[in-house]
Amino acid sequence: MAASANFSCSSESPTWCSTYVTYHATSPGFMNLKNISELFTVNPASIARASNIASEKAKLSPGQVLFIPITCGCTGTRYFANITYHIRKTDSFYLVSTALFQNLTDYVAVESMNPSLNPIALPIGDEVVIPIYCKCSEKNHSWNGGRNFLITYVLQPGDDLPTLSSLFKTSPDDITSENNNFTDFVTASGSPILIPVSELPVLPQTRLKSKTGVKKLILVIITSIFGALAVLVLASFLVYMRRASRRTTGKALGRSDSSLETSGFLKMRKNLPHETILRPKMMAQDKLLPGLASNLGNPIAYDRRLILEATGNLSESCRIGGSVYKAMINNEQVAVKKVYEDSNEELKILQKLNHANLVKLMGASTDLNGNRLLVYEFAENGSLDRRLFFEPSSLSPSSKPVGLLTWHQRLQIALDVAHGLQYLHEHTQPSIVHSDIRTSNILLGSGLRAKISNFSSARPAMSSVSPKVDVFGFGVVLLELLSGKRGMEMKESGETVMLSEEIRGVMEVGEQREERRLRLWMDPRLEGSYPVEGAMSLAGLARACTQDKSSARPSMTEVVFNLSVLAHSPSTFETSWASGEEDETKMVRPVVAR
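Reading the values: the criteria
- Residues numbered from 1 in each chain as written.
- Predicted model: local features only at pLDDT ≥ 70, side-chain atom pairs only at ≥ 80, totals over all residues.
- Heavy atoms only, no water.
- Axes fitted to C-alpha atoms, helices over the stretch in contact; angles between N-to-C directions.
- Helix = DSSP H or I, 4+ residues; strand = E, 2+ residues; numbered from the N terminus.
- Parallel < 35°, antiparallel > 145°, perpendicular 65-115°, else oblique.
- Left-handed = near helix turned anticlockwise from the far one by under 90°.
- Contact = heavy atoms within 4.5 Å.
- Nonpolar A, V, L, I, M, F, W, Y, C, P; charged D, E, K, R; others polar.
- Disulfide = S-S within 2.5 Å.
- Buried < 20%, exposed > 50% of the residue type's maximum accessible area, 1.4 Å probe, protein only.
- Arc of directions from axis to C-beta.
- Pairing = 2+ DSSP bridges.
- Expected span 1.5 Å × (residues − 1).
- Phe/Tyr/Trp six-rings, centres within 6.5 Å; stacked < 30°, edge-to-face > 60°.
- Patch = residues over 30% accessible without salt bridge, like charges linked within 9 Å, V, L, I, M, F, W, Y side chains within 5 Å.
- Areas by Shrake-Rupley, 256 points an atom, 1.4 Å probe, with all protein chains shown as cover.
- Salt bridge = Lys/Arg side-chain N within 4 Å of Asp/Glu carboxyl O.

The protein chain is annotated in an unreviewed UniProt entry as Protein kinase domain-containing protein of Kalanchoe fedtschenkoi.

Quick look at the structure:
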């Protein structure tokens, strides 16, 4: 018998909210917060704080209950939190839904969310969207006053109403009312229900135990007590037999051990860094815009003096570009962005985002005039434009060498950016339009993995056509990755050349001439080390993205699909394909908008 939780929404419901789902630590793969946080693409520290765990590296107990922070949105007529997951060997939608996500979703809903995939033959590595059951409280809509959460909980064997009421610190009547007066929880094991709470309860450090588990625990305790008594009797006898010889030695050893322990402890304490008022502290919820703190997992409220000191009072030597500065805060390298009072919309956008290919906001500081300093994760490899358009002659002797981006790296960067935009367009409610996609706003982190930054121009989509602005910008980025040239350049004659127009002249010729012209147009620094078929396909996709008519451009879902096919093509990983001469290689058709 299934429970009767109602996860529906309507046009009058809140469009989104920050809330929580529960997850149980399970052996062998999910007994630590790192693996669990990667599954849900959230920060492990945010799970630790929500779940009353002292450290994100703490060892978990089997079955221990955890709170996972999510962003819940109204998708059509149902609430879901969309989680990105990559298919592994032997995966099926059923196993992913029931085993990995512990019935927080349903395999039928997963199939509906991913209609292009065959559910019984899932390609390893393919990205799918997992719709997690959730719901926003109507009382939570204004984000004012006290918070009210509806926590998604999957019933476990042995659960009953009094146990759940005690765990979540809420009344049994409220639980049954939120679940359409359903009360037979014992027979509904594996079904998701909603737990209404006025505030997030403090979870016990260990998992709840069934009555059988309690009996076993009592038996273990009794056995341990008798064992300890036996050991004590034996130890007392030995002490009695040797007390004369051990008395003096024992006292001496006691003093010596105590002295060593104390001196070592004092030395350790003396070596600890002194805490000052400049150290970052966890931000109270009223320090940022309403809703920001819960989504970011309690971001840090940095003392403004700490940021100014770390950036040399926003000195030129620390400037990365524009109003962004590099800093070392609390032994961690970060990027600091100076913004002004009109940054409210940017913060409203940032509070909803959580994706590996979007730059992460770590915290903020605000002065009395409302000016803000935002602290972001640091992208160690800089912006894409500096990596793509660098001139070796412009580097100073002390500059860090900048390597050429290979074909494979450029394709991976394109796929990363596409994933980030797909998340903005398809997995947020309402959809977000970045409005300023360009190589200077694409940062390269560890392993040259790309992250979209600078959301100062981002806005909620006003129509289904609005996201096509980002598709055009992405198409220009593709053209720059292919050609090594900027999207718009001015010739010595004063003529302005745009890559989005230039590519049409390259592609609108006969097939053999088209390939030859593309070779001449491609970035010469690649020295022909790319698959001609792949370059043709990518150029065709870029051309489709930069169509004059916005409705003719593909969606980012289509873009991700085509890039994924191209990235998994065997020829993509060869080292050198193109020669200076024309060959008879069979060409693939360019990818076009569907």
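Where helix H12 (residues 407-426) meets helix H17 (residues 556-567), the axes come as close as 9 Å, and the angle between the chain directions of the two elements is 155°. The orientation of H12 relative to H17 falls into the category roughly antiparallel. Crossing handedness for the pair H12 and H17: left-handed. On H17, the residues that touch Leu411, Ala414, Leu415, Ala418, His419, Leu421, Gln422, His425 and Glu426 of H12 are Met556, Thr557, Val559, Val560, Leu563, Ser564, Leu566 and Ala567. Partitioned by chemical class, the residues of the contact of H12 with H17 number eleven nonpolar, five polar and one charged.

This part covers the state of the cysteines. The full count for this structure, using the stated rule, is three disulfides. The disulfide bridge from Cys9 ends at Cys74, spanning 2.0 Å between sulfur atoms. Handedness of the Cys9-Cys74 disulfide follows from its S-S torsion of about 80°: it is right-handed. Residue Cys9 is found in the segment before strand E1 (16-24), and its partner Cys74 is found in strand E2 (residues 65-75); the two are separated by 65 residues along the sequence. Residue class for Cys74 comes out buried when judged on its relative accessible area of 12%. The disulfide partner of Cys17 is Cys136, and the S-S distance across this bridge is 2.1 Å. Handedness of the Cys17-Cys136 disulfide follows from its S-S torsion of about -95°: it is left-handed. Residue Cys17 is located in strand E1, and its partner Cys136 is located in the loop between strand E4 (127-133) and strand E5 (149-154); the two are separated by 119 residues in the primary sequence. Each member of the pair Cys17 and Cys136 is classed as buried.

Okay, helix H1 (residues 33-40) next. Within the sequence span of H1, burial applies to Leu33, Ile36, Ser37, Leu39 and Phe40. Seen along its axis, H1 keeps its buried residues to an arc of 155°; they face one direction. Where the residues of H1 are buried, they touch E1, helix H2 (44-50), E2, strand E3 (78-86) and helix H3 (93-100). Within two residues after H1, Thr41 carries a phi angle of roughly 50°, on the positive side.

Turning to the side chain of Ser37, a few remarks are in order. Note that Ser37 resides in helix H1. Look at Ser37 and you get buried, because its relative accessible area is 4%. For Ser37, the residues in contact, after removing those within four places along its chain, are Val42, Asn43, Pro44 and Ile47.

This brings us to unusual backbone geometry. In this chain, Ser27 is followed by Pro28 through a cis amide linkage whose omega measures 5°. Between Gln429 and Pro430 the backbone carries a cis peptide bond, its omega angle lying at -5°. The residue Asn103 is not glycine, and still its phi comes out positive at about 65°. Residue placement: Asn103 occurs in the loop between H3 and helix H4 (107-113). At Asn313, a residue that is not glycine, the phi angle is positive and equals roughly 60°.

Quick look at the pairing of E3 now. The buried count for E3 comes to seven of nine residues, which makes it a mostly enclosed element. Two strands pair when backbone bridges link them, and E2 and E3 are joined in this way by three bridges, in the antiparallel orientation. Its bridge partner being in E3, Gly73 is matched across the sheet by Phe80. Pairing of E3 with E4, which is carried by seven bridges, proceeds in the antiparallel orientation. Among the inter-strand pairings, His86 is bridged to a residue of E4, identified as Glu127.

Now for helix H13 (residues 468-483). The terminal C-alpha atoms of H13 lie 23 Å apart, and with 16 residues this matches the ideal 22 Å at 1.5 Å per residue to within 8%. Counting buried positions along H13 yields 14 of 16 residues, so the element is predominantly enclosed.

For the structure on display, the rule yields twelve aromatic pairs. Taken together, a centroid distance of 5.5 Å and an interplanar angle of 80° make the contact between Tyr153 and Phe168 edge-to-face. Here Tyr153 is found in strand E5, whereas its partner Phe168 is found in helix H5 (residues 161-168), with 15 residues between them in sequence. What makes Tyr153 buried here is its relative accessible area of 1%. Through successive ring pairs, a cluster of aromatic residues spans Tyr20, Phe67, Phe149, Tyr153 and Phe168.

So, on to a nonpolar patch on the surface. A contiguous nonpolar surface patch, about 380 Å² in accessible area, is contributed by Tyr94, Leu95, Tyr107 and Val108. Elements that contribute at least two residues to the nonpolar patch include exactly H3 and H4. Counting through the fold element by element, Tyr94 comes out in helix H3. Classification of Tyr94 as partly exposed rests on a relative accessible area of 49%.

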